[in-house]
Structure formats: structure tokens, C-alpha cells
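Residues per chain are reported as follows:
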Amino acid sequence: MYARVFATPLGTTTRLPVPIKRLAYIDWMRGLACVLMIQAHCYDSWLNPEVRQTLLYRWSQELSTLAAPIFLFLCGVSFALVTEGLRQKNKPRSEIFRTALLRGGEILGFGFLLRVQEFVLGYPKSPLTDLFKVDVLNILGVSIIFMALFWRLVSSSGSSEH
């Protein structure tokens, strides 16, 4: 990865990374999923009970059910793009596998941290079982770990380390 060098007023230089080429349609879908997720979790808390009986509210709740499936779909697409990109750069299969496995573990860890934070903020009223609730981050983390395992299984049936 190349970097751009800029002079600062004090005479020192600052290295800024060159932006990675992104796929705008994936970013837009992630943005849509985020808006739907926020709407699903926040919109309801700001409304009067009588507004919750309207057709607009019911439709908004129906639309909000799309957030998790969109995240899961994009997770699979991103996994395929990343692993294929690393493969095309001739990275070893072990490195690709490790990268995917660590990413899945990271997301699963964030899911558990979210539950711990929720439990601590609700303490002493929150029951211990709240720590074991499953949410989209837990599903994404486990899914990425399984995709990494299946990728490794399928890719090891090929030829050499590359």
C-alpha cells in the first residue's frame, strides 16, 4: 500500500494512507441496513402508544426486519470478495484462513462485549441469562468462523499452499 506524504506547517511530514478502492453498492447496502437497524431499535421508544397503532408504524416495523438478513448477506459477499482478493494476491491459504477466522472471532467477541455492557448497565435488575442472548453480531461471528472452516476444507482439496 502506498502512502501520500504531506508537509505540515511545522516542517514535519505526515503520511496518509491511500484509500482502498471500495465497492459503493456494498457500502450503500450496509448504510441501508444500519438505518433499518437504528429505526428498528430506536423509533419505537419515541412514539406515543396511539401512533404505534398506525399503518405507517406497522410498515416501518416490517421493513426493519430486513436489517439482519441484509447484514448476513453482505457478510457472505464480503467474505467471498476478501478471500478471493487475498487468493489473487497469492497469499498462502493458511494466512487467508487465519484472517477470516480472526475476523469471525472479532465480530463474535464484539457481540459478547455488547451483551456484557448491556448486563452491566442494567445491573442489578438484568438477569444473568441476558449474557447469553443471541443477536446479529453473534450470528455474523459464528457464520464467518464456519465460512472460514468450510473455505479451508474446500481450498485444501486443491493443490499447493497457494
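Higher on the page you've got the structure.
Residues numbered from 1 in each chain as written. Predicted model: local features only at pLDDT ≥ 70, side-chain atom pairs only at ≥ 80, totals over all residues. Heavy atoms only, no water.

Student: Break down the pattern of salt bridges for me, with residues and values.
Tutor: Across all of its chains, the model carries seven salt bridges by this definition. A salt bridge links Arg-115 to Glu-118, with the shortest nitrogen-to-oxygen separation between them at 2.3 Å. With a gap of three residues between them, Arg-115 and Glu-118 both fall in helix α4 (residues 93-122), about one helical turn apart. What makes Arg-115 buried here is its relative accessible area of 7%. Here Glu-118 falls in the partly exposed class, since its relative accessible area comes to 41%. (Salt bridge = Lys/Arg side-chain N within 4 Å of Asp/Glu carboxyl O. Helix = DSSP H or I, 4+ residues; strand = E, 2+ residues; numbered from the N terminus. Buried < 20%, exposed > 50% of the residue type's maximum accessible area, 1.4 Å probe, protein only.)

Student: Tell me about the side chain of Ser-64, residues and numbers included.
Tutor: Within the element layout of this structure, Ser-64 appears in helix α2 (residues 55-64). With relative accessibility at 11%, the residue Ser-64 sits in the buried group. With residues up to four places along the chain from it excluded, the contact list for Ser-64 reads Leu-36, Gln-39 and Ala-40. (Contact = heavy atoms within 4.5 Å.)

Student: Summarise the packing of helix α3 (residues 67-88) against α4; cite the residues concerned and give the values.
Tutor: Relative placement of two packed helices is described by the angle separating their axes and the distance separating the axes. With their axes 10 Å apart at the nearest point, α3 and α4 run at an angle of 155 degrees to one another. Our classification of the angle between α3 and α4 gives roughly antiparallel. Crossing of α3 over α4 shows right-handed handedness. Residues Phe-79, Thr-83, Leu-86 and Arg-87 of α3 form the contact with α4, whose participating residues are Ile-96, Thr-99 and Ala-100. Grouping the constituent residues of the contact of α3 with α4 by class yields four nonpolar, two polar and one charged. (Axes fitted to C-alpha atoms, helices over the stretch in contact; angles between N-to-C directions. Parallel < 35°, antiparallel > 145°, perpendicular 65-115°, else oblique. Left-handed = near helix turned anticlockwise from the far one by under 90°. Nonpolar A, V, L, I, M, F, W, Y, C, P; charged D, E, K, R; others polar.)

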